[in-house]
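Read off the chains here:
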Amino acid sequence: MTDQPSTPDPDDNVVDPPLPEEETPPLTDPSTIPPDEGDAGNV
Amino acid sequence: MSRASGLDPVHSSIARQRFTQAALLGLHHAAEVHYTQDSRRWEGIAQKLLASKGEFPKHADCSGYMSWALWFALLPFKLGDIVNGQHWQGGYTGTMAQHGIEVLHPPNTRRGDLVLYGSGPTFEHVAGVVTHDKSGKPLVVSHGSEAGPFFLPFDYRPWAQIRRYI
């Protein structure tokens, strides 16, 4: 049995079904991506 | 605890599926989704692009892309702008941080939850949870540069806060 978080979250212990394998893209290696450029703020 | 959106379990499940559909659609067309911080960042919502019809924004920044995915997710339910509180006319990480409810523990994330990065209260980047790996770690779609969107572990960089809107 795993430890439970001390503070409950909304929908605690509710798990979404996994994505179908055919819809799951390969993960990107984080070391290969450029830095995030930030956010524009309000338009 | 009640849901951020007030939707019942069936409708919230539909909304989460719609969010995932939208977020993955741009990911699968990454070469066509350009990164911009100019007014085109909001074109997904401004042009009412429907992921269900294969439509996605060709221009967005991180918050524009995630706002569009949540707008599409919530569209059938006519809840108004519960993500940025700006009638779907605009928004950014700072307005996202002022809405929804916080999820404290990453394993409890669900599809459609947003991960905020950088320093509060306005933060500087956002990505959206679309699934989890076998260990329960959230996996996100992130559009933070011209090369994106990318599919990444949620902790690919230090994260600050997770928020739920659905």
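Here the residue index of a chain counts from 1 through its sequence in written order. Labels follow written order: the first chain is A, the first ligand is 1, and so on. A pLDDT threshold of at least 70 governs which residues receive local features in this predicted model, and a stricter bar of 80 or more applies before side-chain atom pairs are shown or counted, although totals over entire chains, interfaces and linings include all residues. Computation of side-chain values: all heavy atoms of the structure, hydrogens and water removed.

Asks: Mind laying out the layout of surface pockets, listing which residues take part and the relevant values?
Replies: The method works on a 1 Å grid over the protein atoms by themselves. A cavity is a set of points holding a 1.4 Å probe that cannot get out, a pocket is an open set with protein on both sides within 12 Å along at least five of seven lines, and residues with an atom within 4 Å of a point line them. Grid points are joined across faces, edges and corners, and a volume is the space filled by probe spheres set on the points. In this structure, the second largest pocket spans a volume of roughly 200 Å³. Among the residues making up the lining of the second largest pocket, the classes are represented as four nonpolar, three polar and three charged. Just so you know the grouping, Ala, Val, Leu, Ile, Met, Phe, Trp, Tyr, Cys and Pro go in nonpolar, Asp, Glu, Lys and Arg go in charged, and all remaining residues, Gly too, go in polar.

Asks: Pulling in residues and values, what's your account of the pairing of strand 4 (residues 114-117) of chain B?
Replies: Residue and element names in this part refer to chain B. To sort residues, take the accessible area from a 1.4 Å probe on protein chains only and compare it with the maximum for the residue type: under 20% means buried, over 50% means exposed, and anything in between is partly exposed. Each helix corresponds to a stretch of at least 4 residues labelled H or I by DSSP, and each strand to a stretch of at least 2 residues labelled E; elements are numbered beginning at the N terminus. Residues L114 and L116 point to one face of strand 4 and V115 and Y117 to the other, with burial holding for every one of them. Note on pairing: DSSP must find at least two bridges between two strands before they are called paired. The pairing of strand 4 with strand 5 (residues 125-132) spans four bridges and is antiparallel. Considered in strand 5, the bridge of L114 is made with G128.

Asks: Tell me about the interface of chain B and chain A, and name the residues and values.
Replies: Should any heavy atoms of two residues lie within 4.5 Å, those residues are considered in contact. Taken together, the contacts link 46 residues of chain B with 30 residues of chain A. When chain B packs against chain A, the two sides together hide about 3,200 Å² of surface, and 55% of this comes from carbon and sulfur. Whenever Lys or Arg places a side-chain nitrogen within 4 Å of a carboxyl oxygen from Asp or Glu, that contact is recorded as a salt bridge. Summed over the shared surface of chain B and chain A, the number is two salt bridges. For R110 of chain B, the salt bridge identified is with D16 of chain A, shortest N-O distance 2.6 Å. A 3.5 Å cut-off defines polar contacts: any pair of N or O atoms within that distance qualifies, except that in protein one atom must be a possible hydrogen donor and the other a possible acceptor, and neighbouring residues in sequence count only when both atoms are side-chain atoms. There are 14 residue pairs in polar contact (both at pLDDT 80 or more) connecting chain B and chain A. For the side of chain B that touches chain A, the secondary-structure elements that each account for two or more residues are helix 1 (9-28), helix 3 (62-74), helix 4 (93-96), strand 3 (101-102), strand 5, strand 6 (138-142) and strand 7 (150-153) of chain B. Per element, the largest residue contribution to the side of chain B that touches chain A is five residues, and it comes from helix 1 of chain B. Residue composition of the side of chain B that touches chain A, by class: 17 nonpolar, 18 polar and 11 charged. Accessible surface is computed with a 1.4 Å probe, and the buried area is the amount of it that two parts give up when combined, taken over both parts together.

Asks: So what's going on with unusual backbone geometry? Residues and values would help.
Replies: Residue and element names in this part refer to chain B. At the junction of G120 and P121, the peptide bond is cis and its omega measures out at 5° in the coordinates. Its location among the elements puts P121 in the loop between strand 4 and strand 5. That bond from G148 to P149 is cis: its omega, -5°, falls within 30 degrees of zero. Tracing the backbone through its elements, the reader meets P149 in the loop between strand 6 and strand 7. Backbone geometry places H87, a non-glycine residue, at a positive phi of 55°. Here H87 lies in the loop between helix 3 and helix 4. Using a relative accessible area of 67% as the deciding quantity, one classes H87 as exposed. In this structure, W88 is a non-glycine residue whose phi angle is positive, near 60°.

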